[in-house]
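Next come the chains, spelled out residue by residue.
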Amino acid sequence: MLIGVGLGPGDPDLLTLKAVNALKDSDKVYVPGKMAEELVKPYTDSEILDFPMLRDYDVLNEIWKKNADIIANEARNGTVVFGLIGDPNFFSTFTHLKRVMHKYYPDVETATVPGISSITSFASRTDSEIDSSFEVSDGSDKKSKIVLKAKHTQDIIRNLTEEGYDNFIFAERLFLDRERIIKGKENIPGKGNYFSILYAEKGGE
């Protein structure tokens, strides 16, 4: 199994308990650089895999495939952690690694442990109070949207479908008792609650 573990923004006190336990319980830990290596060091040894910041996707794909080859055999036979700064599912090196793993090694199960992201770190350090809708962008085209407190799900899905979104995931009470995760708009219930989230993606089907 391969687990992407978020190590937070760089402060060692901001690793979650779940991240620390995953590091301690793993058979092997890889990281993409020195900062992540330092955050992991109090809990276990790690090995740096090179993930250079390049724009040449042909070169990058070769590097991601090479790293996937290294990880695959160990992940088949034990638990491998890939620890990285921030959160493994938001603008993350792990996202690319996971896609390559799924393409070439679909038998290797993957999972993630969320970490404190740059978005929430920014709000904390700048004393920013965000209590209404906001947009996060890296300058690329917007392909997904997250709706919090998704109570009237079918109305939301209908409006988002008109905007070009075609793939939907409904989640409720994440990491709590009675957690629900439902994929596909045909399976999503008509109503959610305060703890409901609706994820919409363009070009997902």
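Residues numbered from 1 in each chain as written. Predicted model: local features only at pLDDT ≥ 70, side-chain atom pairs only at ≥ 80, totals over all residues. Heavy atoms only, no water.

### Here's the deal with the overall build of the protein
Next up, step 1: Within the protein, the regular secondary structure consists of 6 helices and 9 strands.
Next up, step 2: Taken over the C-alpha trace, the protein has a radius of gyration of 18 Å; the compact-globule value for 205 residues is 17 Å, and the two agree within 12%.
Next up, step 3: Along the first, second and third principal axes, the C-alpha set of the protein runs to 50 × 40 × 35 Å.
Next up, step 4: Split into buried and exposed, the 205 residues of the protein put 35% on the buried side.
Next up, step 5: Taking the intrachain contacts of the protein between residues at least 6 apart in sequence as the baseline, contacts between residues at least 24 apart amount to 65%.
Next up, step 6: Taking the 26 positively charged and 33 negatively charged side chains of the protein as two groups, their mean positions are separated by 4 Å. (Helix = DSSP H or I, 4+ residues; strand = E, 2+ residues; numbered from the N terminus. Rg over C-alpha atoms; globule rule 2.2 N^0.38 Å. Buried < 20%, exposed > 50% of the residue type's maximum accessible area, 1.4 Å probe, protein only. Contact = heavy atoms within 4.5 Å. Lys, Arg positive; Asp, Glu negative; His and termini not counted. Charge placed at Lys NZ, Arg CZ, Asp CG, Glu CD.)

### A short note on the pairing of strand β7 (residues 167-172)
Next up, step 1: Among the 6 residues of β7, 5 are classified as buried, and the element is accordingly described as predominantly covered.
Next up, step 2: Bridging between β7 and strand β9 (residues 196-201) involves 6 bridges; their strand directions are antiparallel. Counterpart to isoleucine 169 in the pairing with β9 is tyrosine 199. (Pairing = 2+ DSSP bridges.)

### As for helix α1 (residues 17-25)
Each turn of an α-helix holds 3.6 residues, which means side chains three or four residues apart point in the same direction.
Next up, step 1: For α1, every residue scored as buried is listed here: Ala19, Val20, Ala22 and Leu23. One side of α1 holds all its buried residues, which, seen down the axis, span an arc of 160 degrees. α1 presents Leu17, Lys24 and Asp25 as exposed residues on the side facing more than 90 degrees away from its buried surface.
Next up, step 2: Turning to α1, the residues buried within the fold contact β1 (2-6), β2 (28-31), α2 (34-40), β4 (80-84) and β5 (110-113). (Arc of directions from axis to C-beta.)

### A word on the pattern of salt bridges
Next up, step 1: Counting across every chain of the model gives 10 salt bridges.
Next up, step 2: In this structure, aspartate 69 engages lysine 65 in a salt bridge whose closest nitrogen and oxygen atoms are separated by 2.9 Å. Of this pair, aspartate 69 and lysine 65 both sit in helix α3 (residues 57-77), 4 residues apart, which is roughly one turn of the helix.
Next up, step 3: A salt bridge links arginine 173 to aspartate 177, with the shortest nitrogen-to-oxygen separation between them at 2.8 Å.
Next up, step 4: Exposure remark for arginine 173: the relative accessible area of 16% places this residue in the buried category. (Salt bridge = Lys/Arg side-chain N within 4 Å of Asp/Glu carboxyl O.)

Shape is all these values report; function is a separate question.
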